[in-house]
Amino acid sequence: MATFYCESSASGGGDGSLATPWNTFASIAWGSVSSGDTINFSGSFTESLIVARNGVTLAGKYSGVTTIIDAVGLDVGIECETRTGVLIKGFNVKNSEKQNIDMLGSNDCHVHSCQTSNALWDDIRIRHSIGCSIKFCSSIGARFRGMSLSTASVGQGMSDCLIENCIVLDAATRGYTMSGDPVTHPIKSSTIRNCISQGSLEGLQVNYAEDNCLLIDLKLLDNTDTGIYEVSNVSSTVFKNIDIVGGSASSINNIQNVTDVTFDGIKTRAAASNGFKFLANSSVTRVTIQNCEITGASNNAVYGIYTDSGMTIDELVINNNLLYGNDLMIRLHSNWLNSSITNNTFAFTGVTGSVRDAISIRTDQTNDLVISKNVFEGIEGQCIDEVSQFAQNLTTSQNYYGGLQVGNLVTVNGTSYSETTITTFEPTRILYRDDAFGYVAPTSVAPRAVTYISEREAASTSSGFTIQPSKELEVFAEPRLAANEFVTIEVNDVSLGWRTMGAIINSDDTSGFIKNNKRVAQEYRVTKSTTQAPTRIESN
């Protein structure tokens, strides 16, 4: 494995050695370069670097100073086409008329630790490639897209590609794109992970992606229009742990024609329109929205989750989410089949006029829709409203309605039903809320972790929860426990498993304290004894 050198300050006629380096890209004698070799670059260049050998490393920062390629007037700064095993690292590429760095039809090629800016099209693009990556790179001020994985109707397919640990700032259109061809070349098994897009028009676009694509640990911050512009014609794909802040449109816009897609751990904050918007006249099959926090701009977004008219929705699961600060939290249009809204919390934020209804069902047809085990707190309007006459097998049960400012809970064809008519009442879970994203409880008390214990014969046990070292948790019983009732606390012992520590509330008390005296975090759970009357157990 040989090492060669190319320095812009060198005199001409060199052989690529350290003593007499090449001085332009055009002077590189690629015929003397073999797979496994390295070419070290230094200085500033105003020409395109065209990779002409497989298996080489092109290092732009071997001397400690980043090599600059000013590609003004050129289509591309660095081009790696139909290559295998190439590593490009440590360059600053700017001002191209198309792509600053372009990788086309390549296998196992990588762009690492490069700075790019002001390309007319994409700062960095991988197209029709397999097993290629962009890592630890930056893009500033791209005039179209920051970084993209894409295919067209010709060329080889696209799979197993990766964008990781990158940042895009101020792209004119969007930060990141994962975009396949609609007919012949969808993108498969590819990932965008641990990346930031800030100040672009749109943070991310995903279309024609399938076979276990993953969008994970992303921060889409203060993009002027939307966090995720489009999720279109996508299947077997997961969106996980994505933080979306700001935007004049929906946080996740134009969701259409998707199958087997999961949105998990999404946090939408301060969007001026919707949290999730499903597009009209499209289809949704086996889609899950879970473990998300969905709120709006200044507590006045339009909808938290919005399904438009003319859609066909089959197996949409909305589970274990926190929705607040939206004018209407879930709006159901179109045809809903075999779907569920369960274990969610719909909360009033303390801002008068900020929340109208929790769930509005204006559907053309609803079959087998379950609304169950949700918590509605302080809703100003209806909890479940405008149920269509076309609804069939609509189940609303095991929900908790607390702190309502209006007595009506559910409206069907203009008739309002009370809690005692429409619902039964059973335990849900411990619900953790924090105020990091602006949630304020209906009363002026600190946010609480809550578990609800219903009227039932058997004892009821909460989910596990963690207390940090030397921290204390107060547990409340509302209303007061009946005679011979009690609440016990259990700890998850490393060696013994769950073991009882004793009663912390009995019929003579309204509250009790749990304190973790250990030097490590401990997992606890509470158990209500055999119940004779409905009781709510809360903790601070």
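Structure's up top.
Remember, it's a predicted structure, so these values are computed and weren't measured experimentally.

What follows deals with the overall build of the protein. Counting its regular elements, the protein contains one helix and 55 strands. The contacts in the protein between residues at least 6 apart in sequence include a share of 66% that link residues at least 24 apart. As displayed, the protein has an accessible area near 20,800 Å², and 46% of this comes from carbon and sulfur atoms.

Take the sheet that holds strand 21 (residues 187-188) next. Across the sheet, which stays open at both edges, the three strands sit in the order 17-21-25 with parallel pairing between neighbours. This sheet does not close on itself; its edge strands, each paired only once, are strand 17 (158-159) and strand 25 (209-210). Pairing of strand 17 with strand 21 involves two bridges; the strand directions are parallel. Pairing of Met158 across the sheet is with Ile187, part of strand 21.

Per the counting criterion, the structure on display carries eight aromatic pairs. Taking the centre distance of 5.4 Å and the plane angle of 15° together, the rings of Phe4 and Trp22 count as stacked. In this pair, Phe4 sits in strand 1 (residues 3-7) while Trp22 sits in the loop between strand 1 and strand 2 (38-42), placing the two residues 18 residues apart along the sequence. Aromatic rings pair up to connect Phe25, Phe41, Phe45 and Phe91 into one cluster. When the ring centre of Trp498 is taken as reference, the NZ or CZ atom of Arg525 above it lies at 4.1 Å.

What follows is about the environment of Ile126. Within the element layout of this structure, Ile126 appears in strand 13 (residues 122-127). What makes Ile126 buried here is its relative accessible area of 0%. A C-alpha to C-alpha distance of 6.2 Å links Ile126 and Asp102, two positions 24 residues apart in sequence. Look past the residues within four positions of Ile126 in its chain and what remains in contact with it is Met103, Cys132, Ser133, Ile134, Ser148, Leu149, Ser150, Met158 and Cys161.

Tracing the chain through its elements places Ser339 in strand 37 (residues 335-342). You can call Ser339 buried: its relative accessible area is 3%. Residues Ser339 and Leu394, spaced 55 residues apart in sequence, show a C-alpha to C-alpha distance of 9.9 Å. Other than its neighbours up to four places away in sequence, Ser339 contacts Ile313, Asp314, Glu315, Leu316, Asp368, Leu369 and Val370. Among the polar contacts made by the side chain of Ser339, one reaches the main-chain carbonyl oxygen of Leu337 at a distance of 2.9 Å.

With that out of the way, let us pick up unusual backbone geometry. Positive phi, normally seen in glycine, also occurs at Ser189, with a value near 50°. When you line up the elements, Ser189 lands in the loop between strand 21 and strand 22 (191-193). On the accessibility criterion, Ser189 (30% relative accessible area) is partly exposed. Located in the positive-phi region is Asn241, a residue other than glycine, with phi close to 55°. As for its position among the elements, Asn241 is in strand 27 (residues 226-245). Relative accessible area serves as the criterion here: at 35%, Asn241 is assigned to the partly exposed category.

This part takes up the pattern of salt bridges. A complete count under the given rule lists 10 salt bridges for this structure. A salt bridge links Lys135 to Glu164, with the shortest nitrogen-to-oxygen separation between them at 3.8 Å. With Lys135 in strand 14 (residues 133-135) and Glu164 in strand 18 (residues 162-164), the pair connects residues that are 29 residues apart, well separated along the chain. Looking at Glu164, the relative accessible area reads 14%, which means it is buried. Through salt bridges that share partners, Lys135, Glu164 and Arg193 make up one connected network.

Here strand 6 (residues 67-70) shows a clear split, with Thr67 and Ile69 buried on one side and none of Ile68 and Asp70 buried on the other. Pairing analysis gives two bridges linking strand 3 (residues 44-45) to strand 6, with the strands arranged parallel. From the neighbouring strand, Ser44 faces strand 6, where its bridge partner is Ile68. Pairing geometry for strand 6 and strand 9 (residues 91-94), over four bridges, is parallel. Residue pairing for strand 9: Ile68 is matched across the bridge by Asn92.

Here is what the cut-offs are and how they apply
- Residues numbered from 1 in each chain as written.
- Predicted model: local features only at pLDDT ≥ 70, side-chain atom pairs only at ≥ 80, totals over all residues.
- Heavy atoms only, no water.
- Helix = DSSP H or I, 4+ residues; strand = E, 2+ residues; numbered from the N terminus.
- Contact = heavy atoms within 4.5 Å.
- Areas by Shrake-Rupley, 256 points an atom, 1.4 Å probe, with all protein chains shown as cover.
- Pairing = 2+ DSSP bridges.
- Phe/Tyr/Trp six-rings, centres within 6.5 Å; stacked < 30°, edge-to-face > 60°.
- Lys NZ or Arg CZ within 6 Å of the ring centre and 35° of its normal.
- Buried < 20%, exposed > 50% of the residue type's maximum accessible area, 1.4 Å probe, protein only.
- Polar contact = N/O pair within 3.5 Å; in protein donor to acceptor, adjacent residues only side chain to side chain.
- Salt bridge = Lys/Arg side-chain N within 4 Å of Asp/Glu carboxyl O.

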